[in-house]
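# A closer look at the structure
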Amino acid sequence: LQPMVPVPGVHTVGEIEMLHALNDPDALVVDMRRHEDRVKGTIPGSISIPYTEATNRMERYGCTKNGTGYDCKAAKKIFGFCNGPVCPQSPLAITAMVKKGFPADKIYYYRGGMLDWAALGLTIEVDKP
């Protein structure tokens, strides 16, 4: 099982916050799972950045390269998810992002992930292979 808060300062959120984030221009809802999982179904409107690539895409979050690190003052809020409470993919990505300089307080962790999303009957979009 994954902790409720993967890194101090990260906010754990539920479905209502995820739905609001999908309509927030200052937020990115990020599916941090491997592509093989995403193609089976994902949250509509989410973008795919697999956990193994999370720190290679810091510019996608709104950070700018700053010598050996990143300046993330203008970064978007990141709402990350994976398969659910037993999935380590988004916690690993979140931990790596914070180590690279992304502010923990701009990260929102949907611990329930696709497991809870599907169990609640919320809309799922099948991604292209």
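For the structure given in this document, a descriptive report is provided here. Predicted, not measured: the structure shown is a model, and the values here were computed from it.

## Topic: the pattern of salt bridges
With the rule as written, the count across this model stands at seven salt bridges. We note a salt bridge from D24 to K77, for which the minimum N-O separation is 2.6 Å. Of this pair, D24 sits in the loop between α1 (15–21) and β2 (27–31) while K77 is found in strand β6 (residues 77–81), placing the two residues 53 residues apart along the sequence. By relative accessible area, K77 is classed as partly exposed at 26%. As a salt-bridge pair, R34 and D37 come within 3.6 Å of each other at their nearest N and O atoms. Shared partners join several salt bridges into a network, and the residues in it are D31, R33 and R38.

## Thoughts on the side chain of D31
Turning to its location among the elements, D31 is positioned in strand β2. Within the structure, D31 has its side chain in polar contact with the side chain of R38 (distance 3.3 Å). Within the local environment of D31, its side chain forms a polar contact with the side chain of T42, the two groups lying 2.7 Å apart. In this structure, D31 is in contact with R38, T42, S46, I47, S48, I49, P50 and F81, ignoring residues within four places of it in sequence.

## Considerations on the packing of aromatic side chains
One pair of aromatic rings is described through two measures. These are the centre distance and the angle between the planes. Scanning the model with the defined rule gives three aromatic pairs in all. Arranged with centres 5.8 Å apart and planes meeting at 80°, the rings of Y61 and F102 form a pair that is edge-to-face. Taken together, the positions of Y61 in the loop between β3 (47–48) and β4 (64–66) and F102 in the loop between α3 (89–99) and β7 (107–110) put the pair 41 residues apart, joining distant regions of the chain. Consider the rings of F79 and Y108, whose centres lie 4.5 Å apart with planes at 10°: the pair is stacked. In this pair, F79 is assigned in strand β6 and Y108 in strand β7, connecting sequence segments 29 residues apart. This pair shows no difference in class: F79 is buried, exactly as Y108 is.

What counts, and at which threshold
Residues numbered from 1 in each chain as written. Predicted model: local features only at pLDDT ≥ 70, side-chain atom pairs only at ≥ 80, totals over all residues. Heavy atoms only, no water. Salt bridge = Lys/Arg side-chain N within 4 Å of Asp/Glu carboxyl O. Helix = DSSP H or I, 4+ residues; strand = E, 2+ residues; numbered from the N terminus. Buried < 20%, exposed > 50% of the residue type's maximum accessible area, 1.4 Å probe, protein only. Polar contact = N/O pair within 3.5 Å; in protein donor to acceptor, adjacent residues only side chain to side chain. Contact = heavy atoms within 4.5 Å. Phe/Tyr/Trp six-rings, centres within 6.5 Å; stacked < 30°, edge-to-face > 60°.

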